[in-house]
Amino acid sequence: MEQKKEILNKYNWKVSANTLIESNISKVWDIISTESNLELFHPFCRKNRSINWPGGDSVDEIEYLNRLTFIRKFTKWQQNNGYDLYIGQKKGPLSFVQWRLSSDGDKCDINITVYPYLFNIGSKLVNILPFWFIIRPMLISYLNSVVKGLKFYAETNKIVKPNHFGRHRWFS
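These figures come from a predicted structure and were not determined experimentally.

**With respect to the nonpolar core**
Counting residues in hydrophobic clusters, the biggest one holds 42 residues, and the most contacted among them are Phe41, Trp99 and Leu150. With near-sequence residues (within four places) excluded, Leu150 lies in contact with Ile21, Val28, Ile31, Ile32, Phe41, Trp99 and Ile110.

**Details of the packing of aromatic side chains**
Taken as a whole and assessed by the stated rule, the structure comprises 18 aromatic pairs. On the basis of an interplanar angle of 20° and a centroid distance of 5.9 Å, the ring pair of Phe44 and Tyr142 is categorised as stacked. In this pair, Phe44 is assigned in the loop between α3 (38-41) and β2 (45-52) and Tyr142 in helix α4 (residues 124-156), connecting sequence segments 98 residues apart. By relative accessible area, which is 0% here, Phe44 ends up buried. By way of ring pairs, the aromatic residues Trp29, Phe41, Trp53, Phe74, Trp77, Tyr83 and Trp99 are connected into one cluster.

**Remarks on the pairing of strand β7 (residues 107-115)**
When strand β1 (residues 15-21) meets β7, the two strands line up antiparallel, connected through 7 bridges. Paired with Ala17 across the strands is Ile112, a residue of β7. Bridging between strand β6 (residues 95-104) and β7 involves 9 bridges; their strand directions are antiparallel. Bridge pairing in β7 links Gln98 to Thr113. If you look at the hairpin formed by β6 and β7, you'll find 2 residues sitting between the two strands, and Gly105 has a positive phi there, around 70°.

**Notes on the sheet that holds strand β3 (residues 59-64)**
The strand order β1-β7-β6-β5-β4-β3-β2 describes an open sheet built from 7 strands, whose pairing is antiparallel. Each edge of the open sheet carries a strand with a single partner, namely β1 and β2. Between one strand axis and the next, the sheet turns by 20° as a mean value, whatever way the strands run. Across the sheet, helix α2 (residues 25-32) is in contact with β1, β4 (69-78), β5 (82-88), β6 and β7; its angle to β6 comes to roughly 155°.

**A word on the pairing of β3**
Across the 6 residues that make up β3, a large majority, 5, are buried. Remark: 6 residues form the turn of the hairpin made by β2 and β3, two consecutive strands paired antiparallel; Gly55 in that turn has positive phi of roughly 110°. Where β3 lies against β4, 5 bridges are found, and the strand directions are antiparallel. Within the sheet, the bridge partner assigned to Glu63 lies in β4 and is Thr69.

**Some points on the side chain of Arg72**
With respect to the helices and strands, the residue Arg72 is situated in strand β4. Those residues within four positions of Arg72 in sequence are excluded, and the remaining contacts are Asn37, Leu38, Asn48, Trp53, Ser58, Val59, Asp60, Leu85, Tyr86, Ile87 and Trp99.

So, how was this worked out
Residues numbered from 1 in each chain as written. Predicted model: local features only at pLDDT ≥ 70, side-chain atom pairs only at ≥ 80, totals over all residues. Heavy atoms only, no water. Core = buried A, V, L, I, M, F, W, Y, C linked by side-chain atoms within 4.5 Å. Buried < 20%, exposed > 50% of the residue type's maximum accessible area, 1.4 Å probe, protein only. Contact = heavy atoms within 4.5 Å. Phe/Tyr/Trp six-rings, centres within 6.5 Å; stacked < 30°, edge-to-face > 60°. Helix = DSSP H or I, 4+ residues; strand = E, 2+ residues; numbered from the N terminus. Pairing = 2+ DSSP bridges. Axes fitted to C-alpha atoms, helices over the stretch in contact; angles between N-to-C directions.

Shown next as structure tokens:
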């Protein structure tokens, strides 16, 4: 817990995306807490292999369409609320990510926030332009595709196709 507070204090630059899903919070939680769930709705996911599942000590890997592989290490797991995790290449630095669900009657709001490690370390003055003009727009595009994919799957029960909402320079 102390490490997470330190990360959030240190990582003051973040990128978020959210959408309202026409499904109840229990259904959305069931989707995002299912083993290998990214294969159902993530438009840039080739494979989502579970290493340890489910719960607050979960670990899985996501292989993107371009074959880049990231590991996700979960640190918090709250039913019908969301989870926290770290993501990145196996032996590299990790970015902190929060997935949050909230109920809006019979609908569910999903919010994903990424605190990218790369531009939250070192000089903020040096990092400000690359973060705001390159990293932030690319992460917004990426996260919007992920939340749209979750919305699509939750509302139609159809698996999202690769690049369903357009290609992404980093992951397609």
